[in-house]
Amino acid sequence: LKIVNAALGEEIADETSRSSLRLVYSGPGADDSDDEDEDEDEDSDRLAPVATVLCSLTPGKIEQATLDIILEGGQAVAFENTGKNVIYITGNFIDQVPHDDPPSEDELGIPEDDEEAFRLEDVSSDVEVEADGLADDEEEDVSMGEPEPQEQPPKANSKKRHLDEDAKEKNDLSKAEKKKQKKLKGEAGEAVPVAVEEAVQKKEKKKSKKHEKQNEEAPKGDSAKSAREVTGGVKIQDVKPGEGAEAKKGDTVRMRYIGKLDDGTVFDSNTKGKAFEFTLGDGDVIKGWDVGIVGMKKGGERVLVIPPSMGYGKRKQSGIPPSSTLTFEVTLLKIV
């Protein structure tokens, strides 16, 4: 029997009374010996009951306790309640094999005679053979009748071997010899699709590289033509021309921009929200802007490369080292 919990009942008889749960059981040695030579005093000491407190419960404070008590079968025990309130005990029976009573062979399903359980005579097969004559029959089977023809392993493909050798020889040929062989085959009139295909690919690749080089060296349309230098060494390049009237000194313009250093670090930008607005030529911005924005049209995009003398000079600004060349990508939104 396993006791797992003790708790006070729903109805409390005395709210100030503490109730203790005691377990009373037989003392050690109660079942050890039945020797008639021992005197009655020793027997009485050995059979004296022993009491222990399992828990103490008080209403409103501790009304239940978790227990872990296992009582073996056949053991005489008693539970005592020393208080006025009722205590409920919860537990369950444990069904298990006693530790001193091992299971029998019948319970485990083990046959009494292992040899009888694994005799070769009882094994089912297509040919009934006595166990003692098993080795002799194997020798007789070898000499009985003609042996069945066995499948011969496939012979090595001599043609494949020659091809592999030819391929190896081709790989060993130098580049000049390979080129010479391809040229001879072409003059003989035989089909040389691989050589032709490689030649075409090389020619197209060479043409493509030449075309790319020409594109890099060639001026890039109107934007390349518009790249020029203005007052103070400021370089401007129009990426998109824009439409309408050109911005001039005294005009108020609204701009979007991204400012970068020579290493590509962005130190300032205005790409969303309220646009940056200033008046051209009034000194509201650095000199490079006053001269670099002139001539732009609404919707136009331009790149300004401003030397230090037209920027912040030797002064150190936030995120801008002294004597820095500044690059601005600007867009003119509107001329007010």
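None of these values were measured; they are calculated from a predicted model.

## Observations concerning the overall build of the protein
Across its full length, the protein holds 9 helices and 15 strands. The buried share among the 336 residues of the protein stands at 19%. Total accessible area computed for the protein in this model is approximately 26300 Å², and 48% of it derives from carbon and sulfur atoms.

## A word on the sheet that holds strand 4 (residues 64–70)
Within the open sheet, the 3 strands sit side by side as 4-1-6. Their pairing is antiparallel. Each edge of the open sheet carries a strand with a single partner, namely strand 4 and strand 6 (87–92). On average, each strand axis in the sheet is inclined to that of its neighbour by 20°, with strand direction left out of account. One ladder, built from 6 bridges, connects strand 1 (residues 2–8) with strand 6; its direction is antiparallel. Counterpart to Asn 5 in the pairing with strand 6 is Thr 90.

## Describing the environment of Lys 298
On the secondary structure map, Lys 298 appears in strand 13 (residues 297–298). The spatial distance from the C-alpha of Lys 298 to the C-alpha of Leu 333 is 5.7 Å, given a sequence separation of 35 residues. For Lys 298, the residues in contact, after removing those within four places along its chain, are Gly 242, Glu 243, Ala 245, Leu 332 and Leu 333.

## A few points about the confidence of the model for the protein
Looking at the protein, the pLDDT average stands at 75 and 57% of residues meet or exceed 70. Across residues 32–36, where pLDDT falls below 50, the model places 1 contact with residues more than four positions away in sequence or in other chains. Here residues 156–161 scores under 50 on pLDDT; set against residues more than four positions off or in separate chains, the count is 1 contact.

## A few points about the sheet that holds strand 3 (residues 49–57)
Taken in spatial order, the 3 strands line up as 3-2-5 in an open sheet, and their pairing is antiparallel. Since the sheet does not close on itself, it has two edges, and those belong to strand 3 and strand 5 (77–81), each with one partner. Along the sheet, successive strands turn relative to each other by an average axial angle of 20°, direction set aside. Here 8 bridges tie strand 2 (residues 19–26) to strand 3, and the two strands are oriented antiparallel to one another. In the sheet register, Leu 23 faces strand 3, and the bridge partner there is Thr 52.

## Topic: the side chain of Asn 5
Structurally, Asn 5 can be placed in strand 1. Since its relative accessible area comes to 18%, Asn 5 is described here as buried. Aside from chain neighbours lying at most four places away, what touches Asn 5 is Gln 64, Ala 65, Thr 66, Leu 67, Tyr 88, Ile 89 and Thr 90.

## What to know about the environment of Ser 269
Checked against the element boundaries, Ser 269 lands in strand 11 (residues 266–270). Along the primary structure Ser 269 and Glu 329 are separated by 60 residues, whereas in three dimensions their C-alpha atoms are 9.3 Å apart. Apart from the residues lying within four places of it in its own chain, the contact partners of Ser 269 are Tyr 257 and Ile 258.

## Looking at the pattern of salt bridges
A side chain with one charge may pair with a side chain of the opposite charge, provided their charged atoms come close. Applying the stated rule across the entire model yields 7 salt bridges. Across the salt bridge formed by Arg 228 and Asp 238, the nearest N and O atoms sit 3.8 Å from each other. Taken together, the positions of Arg 228 in strand 7 (residues 228–229) and Asp 238 in strand 8 (residues 235–240) put the pair 10 residues apart, joining distant regions of the chain. Residue Asp 238 is classed as buried on the basis of its relative accessible area of 17%. A salt bridge links Glu 277 to Arg 254; the shortest N-O distance between them is 2.7 Å.

Cut-offs used in this document
- Residues numbered from 1 in each chain as written.
- Predicted model: local features only at pLDDT ≥ 70, side-chain atom pairs only at ≥ 80, totals over all residues.
- Heavy atoms only, no water.
- Helix = DSSP H or I, 4+ residues; strand = E, 2+ residues; numbered from the N terminus.
- Buried < 20%, exposed > 50% of the residue type's maximum accessible area, 1.4 Å probe, protein only.
- Areas by Shrake-Rupley, 256 points an atom, 1.4 Å probe, with all protein chains shown as cover.
- Pairing = 2+ DSSP bridges.
- Axes fitted to C-alpha atoms, helices over the stretch in contact; angles between N-to-C directions.
- Contact = heavy atoms within 4.5 Å.
- pLDDT = per-residue confidence, 0-100.
- Salt bridge = Lys/Arg side-chain N within 4 Å of Asp/Glu carboxyl O.

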